[in-house]
Amino acid sequence: MAMLHTVNKSPFENRSLDSCLGRIKDGAAVLLFEDAVYGAMKGTAVAGKVQSAMEKSKVYVLGPDLRARGMSEDQVLDGINVVDYGGFVDLVTEHDSVQAWL
Amino acid sequence: MKLAVMVNEGPYQHQSADSALQFTKAALEKGHEVFRVFFYHDGVNNGTRFGVPPQDDRNITVQWSELAEQHNIDLVVCVAAAQRRGLLDENEAKRHGKDGNNIANGFRISGLGQLIEAGIQSDRLVVFGD
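You'll find chain B entered in an unreviewed UniProt entry as Sulfurtransferase complex subunit TusD, with Thiohalobacter thiocyanaticus given as the organism. Quoted straight from UniProt, the Subcellular location (unreviewed entry) entry for chain B says "Cytoplasm". UniProt lists a comment for chain B under the heading Sequence similarities (unreviewed entry), and it reads "Belongs to the DsrE/TusD family."

As annotated in an unreviewed UniProt entry, chain A carries the name Sulfurtransferase complex subunit TusB and is attributed to Thiohalobacter thiocyanaticus.

Spelled out as structure tokens, the structure:
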């Protein structure tokens, strides 16, 4: 059954996004929020890794945390869905369990 | 759906206390029940009523207290984490011979059993932290 994984640290700060993407099952969902929104940007050193994760999993990014860092939705990798806090709640309820990669 | 939230980071540190608060508000707005918020590690610092942030800044503790009052949410602070960090209620202050207590409205001090119970009783447990 599908699990939601949450990542809240920048991939340029620690390895939690890498650990997460390397271990999730096909069909899982990943929500990038807080400083992890940097992992959703186009043209970064981790963009390729995130894009290949999207072949088997869904990736989401929290819009308010993007905007709080001066970034807009058109800077986000194609295929990543931008959600608000209500969308975060929906992701939690739509998946069977939630794993925070702290 | 019945949700439980765990907060492992203090207020004004990175963003986790704010994220947990915004998530909890959004869940309540969508009609979900938030059964309990459990504060562990530095997260217990969310529960001190002695914090005085600048007037143009958010008061995270007061926002938790207001949410708890409006929506009957059980705000539980881990006793061992609280003792280490100087967060006391009236009983704890008396028990340890301290001259006052600082726990905020709506918060109560209890143990890790409350976290386990929240995990069992709720449909989802969402963790916020450093």
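This is not the end of the story, as more comes after the structure.
Points about the sheet that holds strand 2 (residues 33–39) of chain B
All names here are of chain B. If you trace the 5 strands from one edge of the open sheet to the other, you get 4-3-2-1-5, paired in parallel fashion. Lying at the two open borders of the sheet, with one neighbouring strand each, are strand 4 (107–110) and strand 5 (124–128). Within this sheet the neighbouring strands show an average axis-to-axis angle of 25 degrees, counted without direction. As paired strands, strand 3 (residues 74–78) and strand 4 are joined by 4 bridges and run parallel to one another. Following the sheet pairing, Val77 is matched in strand 4 by Ile109.

A look at the pattern of salt bridges
Opposite charge on two side chains permits them to pair, given that their charged atoms come into close proximity. For the structure on display, the rule yields 13 salt bridges over all chains. Here Glu73 of chain A ties to Arg67 of chain A by a salt bridge, and the two come within 3.9 Å at their closest N and O atoms. One network of salt bridges, with partners in common, ties together Arg36, Asp74, Arg108 and Glu117 of chain B.

So, the environment of Glu73 of chain A
All names here are of chain A. Tracing the backbone shows Glu73 in the loop between helix 3 (63–68) and strand 4 (81–83). Note: C-alpha distance between Glu73 and Val61 (12 residues apart in sequence) is 9.5 Å. When neighbours within four sequence positions are excluded, Glu73 is seen to be in contact with Arg67 and Val82.

Remarks on helix 1 (residues 16–29) of chain B
Compared with the 20 Å implied by 1.5 Å per residue over 14 residues, the 20 Å span of helix 1 of chain B between its first and last C-alpha is a close match. Within helix 1 of chain B, 11 of the 14 residues are buried, leaving the element largely enclosed by the surrounding structure. Of the surrounding elements, those touching the buried residues of helix 1 of chain B are helix 4 (85–94) of chain A together with strand 1 (2–7), strand 2, helix 2 (60–71) and strand 5 of chain B. Where helix 1 of chain B ends, the next residue or the one after it, Gly31 of chain B, has phi of about 90 degrees, a positive value.

Observations regarding the confidence of the model for chain B
Averaged over chain B, the pLDDT score is 98; the fraction of residues at 70 or greater is 100%. This prediction of the complex comes with two scores: 0.97 for pTM and 0.97 for ipTM.

Let's talk about the interface of chain B and chain A
Between chain B and chain A, the residue contacts involve 20 residues of the former and 19 residues of the latter. For the pair chain B and chain A, the summed buried surface comes to about 1600 Å²; carbon and sulfur atoms form 62% of the total. We note a salt bridge from Asp90 of chain A to Lys30 of chain B, for which the minimum N-O separation is 3.2 Å. At the junction of chain B with chain A, the criterion picks out 9 residue pairs in polar contact (both at pLDDT 80 or more). Of all the secondary-structure elements, those providing two or more residues to the side of chain B that touches chain A are helix 1 and strand 5 of chain B. Ranked by residues supplied to the side of chain B that touches chain A, first place goes to helix 1 of chain B with 6 residues. Residue composition of the side of chain B that touches chain A, by class: 9 nonpolar, 8 polar and 3 charged.

Thresholds, definitions, all that
- Residues numbered from 1 in each chain as written.
- Chains lettered and ligands numbered in written order.
- Predicted model: local features only at pLDDT ≥ 70, side-chain atom pairs only at ≥ 80, totals over all residues.
- Heavy atoms only, no water.
- UniProt positions renumbered as here; feature names shortened; annotations may be inferred.
- Pairing = 2+ DSSP bridges.
- Helix = DSSP H or I, 4+ residues; strand = E, 2+ residues; numbered from the N terminus.
- Axes fitted to C-alpha atoms, helices over the stretch in contact; angles between N-to-C directions.
- Salt bridge = Lys/Arg side-chain N within 4 Å of Asp/Glu carboxyl O.
- Contact = heavy atoms within 4.5 Å.
- Expected span 1.5 Å × (residues − 1).
- Buried < 20%, exposed > 50% of the residue type's maximum accessible area, 1.4 Å probe, protein only.
- pLDDT = per-residue confidence, 0-100.
- Buried area = accessible area lost by both parts, 1.4 Å probe.
- Polar contact = N/O pair within 3.5 Å; in protein donor to acceptor, adjacent residues only side chain to side chain.
- Nonpolar A, V, L, I, M, F, W, Y, C, P; charged D, E, K, R; others polar.

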